[in-house]
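# Notes for the structure review
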Amino acid sequence: MNNPTFMAELHNRLGAPSSEEIECLRLLKAFLKLKPRQRFEVIDLVERLAAGGPSVPGKPLS
């Protein structure tokens, strides 16, 4: 991705990414670096928070 011509062409086709898109990619990259058990725990926590259910205080993730 260090080719300036390629980058310029990609920018012309797709436009500049929003800061939200960049943050989502950073989070995805970090998520993929987690061990499978940690990924499961993150997904479980996010699902509980999205459902409005109580989080379990004091229960550490891995």
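A brief report on the enclosed structure follows. Please read these numbers as outputs of a predicted model, since none were measured by experiment.

This part takes up the overall build of the protein. Regarding its fold elements, the protein presents three helices and zero strands. For the protein, the N- to C-terminal ordering of α and β elements is α-α-α. Within the protein, buried positions represent 2% of all 62 residues. By element, 63% of the accessible surface of the protein is carried by carbon and sulfur atoms, the whole surface being about 5,700 Å².

Okay, the pattern of salt bridges next. Counting across every chain of the model gives four salt bridges. A salt bridge links R26 to E23; its shortest N-O distance comes to 3.9 Å. In this pair, R26 and E23 are both assigned in helix α2 (residues 19–33), three residues apart and thus about one turn of the helix distant. Here D44 ties to R48 by a salt bridge, and the two come within 3.3 Å at their closest N and O atoms. In this pair, D44 and R48 are both assigned in helix α3 (residues 36–50), four residues apart and thus about one turn of the helix distant. The class for D44 is partly exposed, based on a relative accessible area of 27%.

Moving on, we get to the packing of aromatic side chains. All told, the structure shown has zero aromatic pairs when counted by the stated rule. Its end group placed over the ring of F31, R39 keeps NZ or CZ at 5.9 Å from the ring centre.

Its 15 residues place the ends of α3 21 Å apart at the C-alpha level, agreeing with the 21 Å of an ideal helix rising 1.5 Å per residue. Following α3 by one or two positions, G52 adopts a phi angle in the positive range, close to 80 degrees.

A side-chain oxygen of the first residue of helix α1 (residues 4–14) lies 3.0 Å from the backbone nitrogen of T5; this N-cap is N3. Two residues or fewer past α1, G15 is found with a positive phi of approximately 80 degrees.

About the thresholds
Here, residues in each chain are numbered from 1, in the same order as that chain's written sequence. Since the coordinates come from a predicted model, pLDDT governs what is reported: local features require at least 70, and pairs of side-chain atoms require 80 or more to be given and counted, while whole-chain, interface and lining totals use all residues. By convention in this description, side-chain values take in all heavy atoms of the structure and omit both hydrogens and water. Only DSSP runs of H or I with at least four residues qualify as helices, and only runs of E with at least two residues qualify as strands; both kinds are numbered from the N terminus onward. Remark: exposure states derive from per-residue accessible area (1.4 Å probe, protein chains only) relative to the maximum for the residue type, with buried under 20%, exposed over 50%, and partly exposed in between. Per-residue and other accessible areas follow the Shrake-Rupley method at a 1.4 Å probe size, with only the shown protein chains counted as cover for residues. The salt bridge criterion pairs a side-chain nitrogen of Lys or Arg with a carboxyl oxygen of Asp or Glu, the two atoms within 4 Å. Each Phe, Tyr or Trp ring, with Trp reduced to its six-membered ring, pairs with another whose centre is within 6.5 Å; inter-plane angles below 30 degrees give stacked pairs, above 60 give edge-to-face pairs, and intermediate values give tilted ones. Note on criteria: charge over ring means Lys NZ or Arg CZ within 6 Å of the ring centre, with the direction from the centre no more than 35 degrees off the ring normal. Take the residue count of a helix, subtract one, and multiply by 1.5 Å to get its expected span. In the analysis that follows, any N or O atom pair within 3.5 Å is treated as a polar contact, provided that within protein one partner can donate a hydrogen and the other can accept it, and provided that, for residues neighboring in sequence, both atoms belong to side chains.

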